[in-house]
Amino acid sequence: DGGTAPATSAVRMMKAEETGVKIMELVEKNITARQIITDGSIRNAIKACLAMSGSTNAVMHLTAIAYEAELGIKVLDEFDSLSDTTPQLARMNPSCKYSIVDFYKDGGVPRLMENLRSMLETDVMTVTAHTLAENIDNHKYLYPATGLVNHTLDDPFGYTGGVAVLRGNLAPDTGITKPGAFDKSLHHFKGEAICFDSEEAAEEAILAGKIHDGHVVVIRYEGPKGGPGMREMLNPTSALAGMKLDKTVALITDGRFSGASRGAAIGHVSPEAASGGPIGLIEEGDTINIDIPNASITLEVSDEVLAQRKAKYVAPEPNIKTGWLSRYARMVTSANLGAVLK
């Protein structure tokens, strides 16, 4: 629970010291990373992520961790299936008025895991050198439960998880969104594409008043390869909110988002534009259909027209042509594979 403790809290110093103690305990007991990072622990992390509505970055990070640990678990498939059965037990900004500090004071992640216990694989080993069950049983809370941010299985905020995996001809290898962070009126949204090839160009257009109700802002070439490096698109989403467009405009990108982003934002679109993905074939004025309940994102352009565009497509020059970033861009995969190097 140290990760959610306020920056100025003395708990930070306590957790820093405790971390050193636990590192030595893990060494003494010969507990290695591969004993901790297992299919079960990854699945628990997915359920916790869904139960607290994100962040969407967790999808990519867990995918990459599972790959590097040589696990068999299919993280995107797990997110897809578990989102239907994992209730939303915690809610905080941008989904509501409560902050991460309120979450921490209501027991934070330990209370979330306690409330979610019957759905978790509690026999897994953890970095405390104890099982998850032992951690839940022995945790000492600093504050009494308020029930404002952390709810129980009997009283969830919602009956499905707060992260959704989308598929369609626009994102054949998936896109990721956080439906709990935007108005339900946008869960069925059909709009006109307005395309930008960088975060800066999109932000400039938004602030200049060029984006209007019913638009779908498309930001591409910001994925792992195109960036290179996959920046967070926090500025454009913040600009849309500042212009009072976060309830009437959607945004899709092959980049990613900050956990603080709100509005109908769909990221991690894969394959990314720089890898030849369909997001690079969208043209101004195309219709894009976002359907959250059916987990789909569709570019309403025929396969024949897309094939013609693909045949004429000329990839832009890479942003970085030399050095380590150039080598990274040549080797990195799209977000659906965790942006790992192959």
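In the block above lies the structure referred to throughout.
Residues numbered from 1 in each chain as written. Predicted model: local features only at pLDDT ≥ 70, side-chain atom pairs only at ≥ 80, totals over all residues. Heavy atoms only, no water.

> So what exactly am I meant to see when it comes to the side chain of N336 here?
Locating N336 in the fold gives a position in the segment after helix 12 (323-331). Look at N336 and you get buried, because its relative accessible area is 15%. (Helix = DSSP H or I, 4+ residues; strand = E, 2+ residues; numbered from the N terminus. Buried < 20%, exposed > 50% of the residue type's maximum accessible area, 1.4 Å probe, protein only.)

> What's the story with the nonpolar core in this structure? I'm lost.
Generally speaking, soluble globular proteins have nonpolar side chains that are buried together. Core analysis: the biggest nonpolar cluster contains 28 residues, and L170, V218, I252, I282, I288, I290 and I297 have the highest contact counts within it. Elements represented by at least two residues in this core include exactly strand 1 (164-168), strand 3 (188-196), strand 4 (215-219), strand 5 (250-253), strand 6 (264-267), strand 7 (287-291) and strand 8 (296-299). If one sorts the elements of this core by residue count, strand 3 sits on top with three residues. For I290, the residues in contact, after removing those within four places along its chain, are H187, H188, F189, A250, I266, S296 and I297. With 16 residues, the next largest nonpolar core counts I211, V217, L251 and A265 among its residues. (Core = buried A, V, L, I, M, F, W, Y, C linked by side-chain atoms within 4.5 Å. Contact = heavy atoms within 4.5 Å.)

> Explanation requested: the packing of helix 9 (residues 199-207) against helix 10 (residues 234-242) in the structure shown.
Packed helices, taken two at a time, are described by the angle between their axes plus the distance between the axes. Close contact between helix 9 and helix 10 brings their axes to 9 Å; oriented N to C, the two are set at 10°. With respect to their mutual orientation, helix 9 and helix 10 come out roughly parallel. Together, E199, E203, I206 and L207 of helix 9 and L234, N235, P236, A239 and L240 of helix 10 make up the contact between the two elements. (Axes fitted to C-alpha atoms, helices over the stretch in contact; angles between N-to-C directions. Parallel < 35°, antiparallel > 145°, perpendicular 65-115°, else oblique.)

> Would you explain the pattern of salt bridges in this entry?
Pairing of side chains with opposite charge becomes possible as their charged atoms draw close. Summed over the entire model, instances satisfying the criterion amount to 18 salt bridges. A salt bridge links R167 to D77, with the nearest nitrogen and oxygen atoms 3.6 Å apart. One end of the pair, R167, is in strand 1; the other, D77, is in helix 5 (residues 75-82), and 90 residues separate them in sequence. Look at D77 and you get partly exposed, because its relative accessible area is 44%. Among the ionic pairs, E232 bridges to R256, the shortest N-O distance being 3.3 Å. With E232 in the loop between strand 4 and helix 10 and R256 in the loop between strand 5 and strand 6, this residue pair connects regions lying 24 residues apart in the sequence. On the basis of relative accessibility, which here comes to 32%, the residue E232 falls in the partly exposed class. (Salt bridge = Lys/Arg side-chain N within 4 Å of Asp/Glu carboxyl O.)

> Quick question: what am I supposed to make of the state of the cysteines here?
As used in these notes, a disulfide is a covalent bond between sulfur atoms, one from each of two cysteines. Enumeration according to the criterion identifies zero disulfides in this entry. For the unlinked cysteine C96, the closest cysteine sulfur is that of C49, found at 16 Å. (Disulfide = S-S within 2.5 Å.)

> Before we go on, may I ask you to explain the layout of surface pockets in this structure?
Where empty space is left can be seen by rolling a probe of water-molecule size over the atoms. Of the voids in this model, the second largest pocket is the one considered here, and its volume is about 490 Å³. Along its surface, the second largest pocket is lined by 22 residues, and T160, G161, P179, H187 and I292 are the ones closest to its centre. When its residues are assigned to classes, the lining of the second largest pocket shows ten nonpolar, eight polar and four charged. (1 Å grid on protein atoms, 1.4 Å probe; cavity = no way out; pocket = protein on both sides within 12 Å on 5 of 7 lines; lining within 4 Å. Points joined across faces, edges and corners; volume = space filled by probe spheres on them. Nonpolar A, V, L, I, M, F, W, Y, C, P; charged D, E, K, R; others polar.)

> Help me out: how do you make sense of the pairing of strand 6 in this one?
A regular strand carries its side chains on alternate faces of the sheet. The alternating pattern of strand 6 places A264 and I266 and A265 and G267 on opposite faces, both of which are buried. As defined by bridge partners, strand 2 (residues 171-177) adjoins strand 6 across two bridges and the pair is classed as antiparallel. Paired with I176 across the strands is G267, a residue of strand 6. In the sheet, strand 5 pairs with strand 6 via three bridges, with the strands oriented parallel. Bridge assignment links A250 to a residue of strand 6, and that residue is A264. (Pairing = 2+ DSSP bridges.)

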